[in-house]
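Here's the letter readout for the chains.
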Amino acid sequence: MLAQGRFWRVTLSKAEDSVIISVIKESLPDELRDLRELQFEVPLSKWNRLVKHVRSDRKLLGGILLDFAKNKDQVSPAVGSDRLYWELQRVVVDTTTSLVERGALALASVDVGVD
């Protein structure tokens, strides 16, 4: 397990080439029970794309998550729920830290031209 919150669990795939973000079914409030099958499988090669926009606009993040969702119809209600959205942001950041610590993800400096 890479990270876990009240509503989300994040693991590395068996092949260790993608991150699986799953909703924790038992913890969902009654009004969100329809989301119990929600899962995202994000290839490590695409993880930066998710992290880059995790704190940006909900619609942008939701659009990115659609690319990785198993149940695409469940993405909008999940991103629309403040509780799920805020915790998703946190577990994505925690997961990034875990991936770097494991050596599965490397940080690289970016040369930014400064005048």
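Residues numbered from 1 in each chain as written. Predicted model: local features only at pLDDT ≥ 70, side-chain atom pairs only at ≥ 80, totals over all residues. Heavy atoms only, no water.

A.B. asks: Just to check I follow, could you spell out unusual backbone geometry for this structure?
C.D. replies: Peptide bonds are trans in most cases, and residues, glycine excluded, mostly fall at negative phi. Unusually for a residue other than glycine, E16 sits at a positive phi of about 60°. Examined against the element boundaries, E16 turns out to sit in the loop between β2 (8–12) and β3 (18–23). (Helix = DSSP H or I, 4+ residues; strand = E, 2+ residues; numbered from the N terminus.)

A.B. asks: Help me understand the packing of helix α2 (residues 58–66) against helix α4 (residues 82–102) in this model?
C.D. replies: The description of two helices packed together rests on the angle between their axes and the distance between the axes. Viewed as axis vectors pointing N to C, α2 and α4 meet at an angle of 70°, and their least axial separation amounts to 13 Å. On the basis of their axis angle, the class for α2 and α4 is roughly perpendicular. Facing α2, whose interface residues are R58, L61 and L65, α4 presents D82, Y85, W86 and L88. When grouped by side-chain class, the residues that make up the contact of α2 with α4 number 5 nonpolar, no polar and 2 charged. (Axes fitted to C-alpha atoms, helices over the stretch in contact; angles between N-to-C directions. Parallel < 35°, antiparallel > 145°, perpendicular 65-115°, else oblique. Contact = heavy atoms within 4.5 Å. Nonpolar A, V, L, I, M, F, W, Y, C, P; charged D, E, K, R; others polar.)

A.B. asks: When you look at the packing of aromatic side chains in this model, what are you seeing that I'm missing?
C.D. replies: How two aromatic rings sit relative to each other is set out by the distance from centre to centre and by the angle between their planes. What the rule picks out here adds up to 1 aromatic pair. Judged by centre distance (6.1 Å) and plane angle (35°), the rings of W8 and F40 are tilted. Of the two residues, W8 is situated in strand β2 and F40 in strand β4 (residues 39–43); the sequence distance between them amounts to 32 residues. Grouping residues by exposure puts W8 and F40 together as buried. (Phe/Tyr/Trp six-rings, centres within 6.5 Å; stacked < 30°, edge-to-face > 60°. Buried < 20%, exposed > 50% of the residue type's maximum accessible area, 1.4 Å probe, protein only.)

A.B. asks: How do you make sense of α2 when you look at a structure like this?
C.D. replies: Note: α-helices contain 3.6 residues per turn, so residues at a spacing of three or four share the same orientation. Considered for burial, the residues of α2 that qualify are L61, G62, I64 and L65. Take α2 and look down its axis: the buried residues cluster within an arc of 160°, on one side only. Structurally, α2 contributes buried residues whose contacts are with β4, α1 (47–53), α3 (75–80) and α4. Between the side-chain oxygen at the start of α2 and the backbone nitrogen of K59 there is a gap of 2.9 Å, and the oxygen is on D57. (Arc of directions from axis to C-beta. Polar contact = N/O pair within 3.5 Å; in protein donor to acceptor, adjacent residues only side chain to side chain.)

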